[in-house]
Amino acid sequence: MNFSKNAFFVPFWDFLCSIWDVLMPRKCAVCGQVIDGRTLVCESCLSQVMYTDFALLPSNPIEQKLHRLTGTPLQAMALCVYTHEGFAGRVVEAFKYHHRCDLALWAGELVGEELSKAERWKGYDYIIPIPLHPSREKERGYNQAMQMCKGIVHKYPIEINEALERCSRTTAQAHLGRSERWENAEGIFSLKESCHTLVGKRVIIVDDVLTTGATMASAVKVLREAGVKQIAVATLATGE
Ligand SMILES: [Zn+2]
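Residues numbered from 1 in each chain as written. Predicted model: local features only at pLDDT ≥ 70, side-chain atom pairs only at ≥ 80, totals over all residues.

A. Examining the environment of L210 more closely. With respect to the helices and strands, the residue L210 is situated in strand 6 (residues 202-210). Sequence spacing of L210 and A237 is 27 residues, and the spatial spacing of their C-alpha atoms is 6.4 Å. Filtering out sequence-adjacent residues up to four positions away, L210 remains in contact with I62, A78, M216, T235 and T238. (Helix = DSSP H or I, 4+ residues; strand = E, 2+ residues; numbered from the N terminus. Contact = placed C-beta atoms within 7 Å.)

Here you go:
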């Protein structure tokens, strides 16, 4: 039985949702104001997002930074600028620490929309989420980068390939200084034995935030050694 097409079920479902909205009013994930409808972030907060337009911009600052760090020419984008108290800071905090995996999926859709607009993002074979250590993923209940990948493919059709695994449980990068982040990220990833061959492929690595680039550089190194032909990077935010 297909409930989504059932003439009785759809209005009944809408009715249940409206009762739920009265009992448990939906709040904007950024400012906490009560919002109408089924959106996650209010119009006012969305209008203040500091978009980078890096998806459309070759040789943008994060491409240059990652090229310097890895010695590999990379295509890279981050949807917006990260500030702790701003849009990206609040959204990332909610999906990392307050079980809002719906926000990670939605953030992925925003990134996917951006990728789908630009000619230079065409022709990639896979998107690869930056993995969490299995024990951290178990605590959180999901990997936010994987949720973002699921959102991305809604808007930018591409196969998800969970090619990387995290071999050691590291201290959360947010608690560390710049040089400590580099030491912390050294050699943390390896290639999953079960992953599809990556030789000659073009892949996009997905993560929530790009800061020093240490985590990303570590992932790039493993993929380059696996024979990947071209590596790109897509994140929700960059900064701090
Ligand atoms: Zn808001």
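B. Region of interest: the packing of helix 5 (residues 101-117) against helix 7 (residues 144-155). Between helix 5 and helix 7, whose axes approach to 6 Å, the crossing angle comes to 45°. Classified by the interaxial angle, the pair formed by helix 5 and helix 7 is oblique. As for how helix 5 packs across helix 7, the hand of that crossing is right-handed. Packed against helix 5, whose contacting residues are C101, A104, L105, W106, A107, G108, E109, V111, G112, E113, L115 and S116, the element helix 7 presents Q144, Q147, M148, C149, K150, G151, I152, V153, H154 and K155 at the interface. (Axes fitted to C-alpha atoms, helices over the stretch in contact; angles between N-to-C directions. Parallel < 35°, antiparallel > 145°, perpendicular 65-115°, else oblique. Left-handed = near helix turned anticlockwise from the far one by under 90°.)

C. View of the nonpolar core. Of all hydrophobic cores here, the largest spans 65 residues; its most connected members are V91, I205, V206 and L236. Considering each element in turn, this core owes the most residues, 8 residues, to helix 5. Inspection of this core shows a minimum of three residues originating in each of domain 1 (1-48) and domain 2 (49-238). Once you skip the residues sitting within four places of it in the chain, L236 turns out to touch A78, L79, C80, A88, A107, V111, M148, D208 and V209. (Core = buried A, V, L, I, M, F, W, Y, C linked by C-beta atoms within 7 Å. Buried ≥ 20, exposed ≤ 12 C-beta atoms within 10 Å, placed from the backbone. Domains from an automatic or database assignment.)

D. Quick look at unusual backbone geometry. At D53, a residue that is not glycine, the phi angle is positive and equals roughly 60°. Of note, D53 is situated in the loop between helix 2 (43-47) and helix 3 (61-70). You can call D53 partly exposed: it has 13 C-beta atoms within 10 Å. Here H99, not a glycine, exhibits a phi torsion of approximately 60°, which is positive. Relative to the helices and strands, H99 is located in the loop between helix 4 (87-97) and helix 5.

E. A look at the pairing of strand 1 (residues 75-81). Taking burial as the measure, the 7 residues of strand 1 include 6 buried ones, the bulk of the element. Bridging between strand 1 and strand 7 (residues 230-238) involves 6 bridges; their strand directions are parallel. Residue pairing in the sheet places C80 in a bridge with A237 of strand 7. (Pairing = 2+ DSSP bridges.)

F. Region of the structure containing the sheet that holds strand 1. As summarised here, the arrangement of the 5 strands in space is 1-7-6-2-3, forming an open sheet in which the pairing is parallel. Two strands bound the open sheet, and with one partner strand each, they are strand 1 and strand 3 (159-160). Strand direction decides the pairing type here: strand 2 (residues 126-129) and strand 6, joined by 4 bridges, are parallel. The residue of strand 6 that forms the bridge with I128 is I205. Most of the contacts of helix 3 go to strand 1, to which it runs at about 130°, and overall it touches strand 1, strand 6 and strand 7.

G. Highlighting helix 9 (residues 214-225). Taking 1.5 Å of rise per residue, the 12 residues of helix 9 would be expected to cover 16 Å, and the 17 Å separating its terminal C-alpha atoms lies within 8% of that figure. All buried positions along helix 9 are accounted for by A214, T215, M216, A217, S218, A219, V220 and L223. Count one or two residues on from helix 9 and you reach G227, which has phi positive near 90°. (Expected span 1.5 Å × (residues − 1).)

H. Quick peek at the environment of K117. Relative to the elements of secondary structure, K117 occurs in helix 5. Considering only alpha carbons, one finds K117 and K155, 38 residues apart in sequence, at a separation of 9.9 Å.

I. Just the packing of helix 4 against helix 5, in detail. Remark: helix 4 packs on helix 5, axes separated minimally by 7 Å, with the N-to-C direction vectors making an angle of 130°. Taken together, the axis directions place helix 4 and helix 5 in an arrangement best described as oblique. Helix-helix and strand crossings are classified by hand; for helix 4 and helix 5 the assignment is left-handed. Across from V91, A94 and F95 in helix 4, the residues of helix 5 making contact are C101, L103, A104 and A107. For the contact of helix 4 with helix 5, the per-class residue count stands at 7 nonpolar, no polar and no charged. (Nonpolar A, V, L, I, M, F, W, Y, C, P; charged D, E, K, R; others polar.)

J. Molecular detail of the pairing of strand 2. Going residue by residue along strand 2, you find Y126 and I128 tucked away on one face and I127 and P129 tucked away on the opposite face as well. With 2 bridges joining them, strand 2 and strand 3 adopt parallel strand pairing. Residue Y126 lies in a different strand from strand 3, and its bridge partner there is E159.

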